[in-house]
Amino acid sequence: MLGFFIAILSGALMSIQGVFNTEVTKNSSLWSANAFVQLTAFLVCMGAWLITDRSSFSNVIKMEPKFMLLGGVIGAFITYTVIVSIDNLGPAKAAMFIVIAQLIVSYVIELLGIWGMEKQPLTFKKVAGMLVAIAGIVLFKWE
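Here the structure is a predicted model, which is why all the values come from computation and not from measurement. (Residues numbered from 1 in each chain as written. Predicted model: local features only at pLDDT ≥ 70, side-chain atom pairs only at ≥ 80, totals over all residues. Heavy atoms only, no water.)

Engineer: For this particular structure, what's the right way to read the layout of surface pockets?
Structural biologist: Empty space among the atoms becomes apparent when a probe as large as a water molecule is rolled across them. Taken as a whole, the largest pocket holds about 430 Å³ of empty space. Taken together, 22 residues line the largest pocket, and the ones lying closest to its centre are G11, M14, S15, I98 and Q102. Broken down by secondary-structure element, the contributors of at least two residues to the lining of the largest pocket are helix 1 (2–27), helix 4 (71–89) and helix 5 (91–112). The leading source of residues in the lining of the largest pocket is helix 1, at 10 residues. When its residues are assigned to classes, the lining of the largest pocket shows 13 nonpolar, 9 polar and no charged. Lining the second largest pocket, in full, are Q38, F42, C45, M46, F57, V60, L69, G71, G72 and G75. Within the residue set of the lining of the second largest pocket, elements represented by two or more residues are helix 2 (30–53) and helix 4. At 4 residues, helix 2 tops the list of elements feeding residues into the lining of the second largest pocket. Considering only residue class, the lining of the second largest pocket consists of 6 nonpolar, 4 polar and no charged. (1 Å grid on protein atoms, 1.4 Å probe; cavity = no way out; pocket = protein on both sides within 12 Å on 5 of 7 lines; lining within 4 Å. Points joined across faces, edges and corners; volume = space filled by probe spheres on them. Helix = DSSP H or I, 4+ residues; strand = E, 2+ residues; numbered from the N terminus. Nonpolar A, V, L, I, M, F, W, Y, C, P; charged D, E, K, R; others polar.)

Written out as C-alpha cells, the structure is:
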C-alpha cells in the first residue's frame, strides 16, 4: 500500500516540478534551468546522504554493467523533454502523453525481462488497460 501512495506522490511532484521548470526556463534558458534543477537535486541528495546514509560511494562506482550509471544523464534529458512538452502542450496533455509512454516502455521492459527486470508474460488485461488509457487521451484531447 505504501508503494501506491508513493507512486501517487511521485506523479504529483513530477507534474508540479514540470510546471515550475517550464516557468524558470521562460526567465533563463532551457539548459541553464535544467542545470539548476540538476544542481539543486544533487545538493538535496548530498544532504540526505549526509543525514541518513553515509554508505560508500565506491559501491556505486563498482556497479556492473557500467551503462546502468547513466541514470543522471537520462535525468537531464527527462527534465529537458518535460519542459519542452509542457511548454508546447500544457501540463495536463503533456503529463498524459508522458505517463502513457512510461506505461508502454515499462511494460515492454517487463515483457522482455531486460536490464535486470523479471520477465513477465503478455496478458490481455494489461494490453487492454493500456488501450483504455490511450483512449482516455484521445477523449481528453478531443475538441
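Engineer: Is there a simple way to explain helix 4 in this structure?
Structural biologist: Note: α-helices contain 3.6 residues per turn, so residues at a spacing of three or four share the same orientation. In a regular helix each residue adds 1.5 Å, so 19 residues correspond to 27 Å; helix 4 covers 26 Å between its end C-alpha atoms and thus fits that length. Among the residues of helix 4, those classed as buried are G75, A76, T79, V82, I83, S85 and I86. Looking at the buried side of helix 4, the elements it contacts are helix 1, helix 2 and helix 5. Positioned one or two residues after helix 4, G90 has a phi angle of 90 degrees, which is positive. (Expected span 1.5 Å × (residues − 1). Buried < 20%, exposed > 50% of the residue type's maximum accessible area, 1.4 Å probe, protein only. Contact = heavy atoms within 4.5 Å.)

Engineer: I tried to follow the pattern of salt bridges on my own but got confused; where do I start?
Structural biologist: Side-chain pairing between opposite charges can occur once the charged atoms of the two side chains come close. In the structure shown here, the tally under the stated rule is 2 salt bridges. In this structure, K26 and E23 form a salt bridge, with 3.0 Å as the shortest nitrogen-oxygen distance. A residue pair is termed a helical-turn pair when its members lie 3 or 4 positions apart in one helix, as K26 and E23 do in helix 1 at 3 residues. Overall, K26 belongs to the exposed group, its relative accessible area being 53%. (Salt bridge = Lys/Arg side-chain N within 4 Å of Asp/Glu carboxyl O.)

Engineer: What exactly am I supposed to notice about the packing of aromatic side chains here?
Structural biologist: To describe a pair of aromatic rings, you give the distance between the ring centres and the angle between the ring planes. Evaluated as defined, the whole model comprises 3 aromatic pairs. For the pair W31 and F77, a centre-to-centre distance of 5.8 Å together with 80 degrees between the ring planes defines the contact as edge-to-face. Taken together, the residues span a long stretch of sequence, with W31 in helix 2 and F77 in helix 4 at a distance of 46 residues. Overall, W31 belongs to the partly exposed group, its relative accessible area being 45%. Assessed through its relative accessible area of 46%, F77 is described here as partly exposed. Put simply, the rings of W31, F77 and Y80 touch in pairs and so form one group of aromatic residues. (Phe/Tyr/Trp six-rings, centres within 6.5 Å; stacked < 30°, edge-to-face > 60°.)

Engineer: Can you help me understand the side chain of T79 in this one?
Structural biologist: You can see T79 is positioned in helix 4. For T79, a relative accessible area of 7% corresponds to the buried category. A distance of 2.9 Å separates the side chain of T79 from the side chain of Q38, its partner in a polar contact. Not counting residues within four places of it along the chain, the set of residues in contact with T79 comprises N21, N34, V37 and Q38. (Polar contact = N/O pair within 3.5 Å; in protein donor to acceptor, adjacent residues only side chain to side chain.)

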